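Listed here are the chains, written in short residue letters.
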Amino acid sequence: MENKIDEKNLKNWTIADDMYVLHEIVYRCRYVKDIERSNNLDFMESKSEFITRVAQEIGVHENSLQMRIKNQLAFLTEEKEGLKNYAFNTELAVKKYLRKYSKMKLYMFIKSII
C-alpha cells in the first residue's frame with residue numbers, strides 16, 4: 001500500500017506553532033526534572049508520547065513535528081546539527097526563547113526530545 005501525501009491536509013506552520021512546540025519542550029524538560037527528583041517516574045511522558053501528543057495538538061503528522069524540531073536545532077547550532085533550510089518563523093521563535101534561556105540550555109532542551 002502506497003502512502004500518498006494529501007496536499008490539502010498539509011499544515012502551514014505559523015510562529016505560534018513553533019512557539020508552542022518550544023514551550024512544550026521546555027515545559028517537558030522542567031517537568032521531567034521535577035519528576036526525577038521525586039522518584040515518581042510513573043508520571044513521566046516518553047519521547048514518543050510527547051511527539052504524538054504535541055503533533056495531535058497542533059494538527060501535524062509526527063514526522064512533520066520531528067522535522068520542525070530538527071529545524072529549530074539547526075538554527076540554534078548554526079546548521080551544524082539538525083535539518084537545514086529552516087523557516088523564518090522557526091528562526092523568530094528560537095530567537096524569542098533565546099531571550100529567556102541561554103543557547104546551551106535551549107540546545108539541551110531540544111536535544112532531549114530528538
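Figured I'd write up the structure that's included with this text. (Residues numbered from 1 in each chain as written. Predicted model: local features only at pLDDT ≥ 70, side-chain atom pairs only at ≥ 80, totals over all residues. Heavy atoms only, no water.)

**Quick notes on the nonpolar core**
Now for step 1: One finds Val-21, Ile-25, Leu-65, Ile-69, Leu-106 and Ile-110 to be the most contacted residues of the largest nonpolar core, which totals 25 residues.
Now for step 2: Elements represented by at least two residues in this core include exactly helix H1 (15–38), helix H2 (47–58), helix H3 (62–76), helix H4 (88–98) and helix H5 (103–111).
Now for step 3: If near-sequence neighbours (up to four positions away) are discounted, Ile-69 is found in contact with Val-21, Ile-25, Ile-51, Ile-110, Ile-113 and Ile-114. (Core = buried A, V, L, I, M, F, W, Y, C linked by side-chain atoms within 4.5 Å. Buried < 20%, exposed > 50% of the residue type's maximum accessible area, 1.4 Å probe, protein only. Helix = DSSP H or I, 4+ residues; strand = E, 2+ residues; numbered from the N terminus. Contact = heavy atoms within 4.5 Å.)

**Side note on the packing of aromatic side chains**
Now for step 1: Applying the stated criterion to the full structure yields three aromatic pairs.
Now for step 2: Ring centres of Phe-75 and Tyr-86 lie 5.2 Å apart, and the angle between their planes is 80°; on these two criteria the pair is classed as edge-to-face. Remark: Tyr-86 occurs in the loop between H3 and H4 and Phe-75 occurs in helix H3; sequence separation between them is eleven residues.
Now for step 3: Take Phe-75: its relative accessible area is 15%, and that puts it in the buried class.
Now for step 4: Between Tyr-101 and Phe-109, the aromatic rings sit 5.5 Å apart at their centres with planes inclined by 80°, giving edge-to-face as the arrangement.
Now for step 5: Relative accessible area serves as the criterion here: at 12%, Tyr-101 is assigned to the buried category.
Now for step 6: Three or more aromatic residues joined by ring pairs form one cluster here, namely Tyr-97, Tyr-101 and Phe-109.
Now for step 7: A cation sits over an aromatic face here: Arg-28 above Phe-50, 5.9 Å from the ring centre. (Phe/Tyr/Trp six-rings, centres within 6.5 Å; stacked < 30°, edge-to-face > 60°. Lys NZ or Arg CZ within 6 Å of the ring centre and 35° of its normal.)

**Describing the side chain of Asn-71**
Now for step 1: Turning to its location among the elements, Asn-71 is positioned in helix H3.
Now for step 2: By relative accessible area, Asn-71 is classed as buried at 11%.

**Describing the packing of H3 against H4**
Geometry of a packed helix pair, given as the angle between the helix axes and the separation of the axes.
Now for step 1: Between H3 and H4, the least distance of the axes is 9 Å, while the angle of their chain directions is 65°. In the crossing of H3 with H4, the sense of the turn from one axis to the other is right-handed. Contact residues: Arg-68, Asn-71, Gln-72, Phe-75 and Leu-76 in H3; Asn-89, Thr-90, Glu-91, Val-94, Lys-95 and Leu-98 in H4.
Now for step 2: The residue makeup of the contact of H3 with H4, split by class, is four nonpolar, four polar and three charged. (Axes fitted to C-alpha atoms, helices over the stretch in contact; angles between N-to-C directions. Left-handed = near helix turned anticlockwise from the far one by under 90°. Nonpolar A, V, L, I, M, F, W, Y, C, P; charged D, E, K, R; others polar.)

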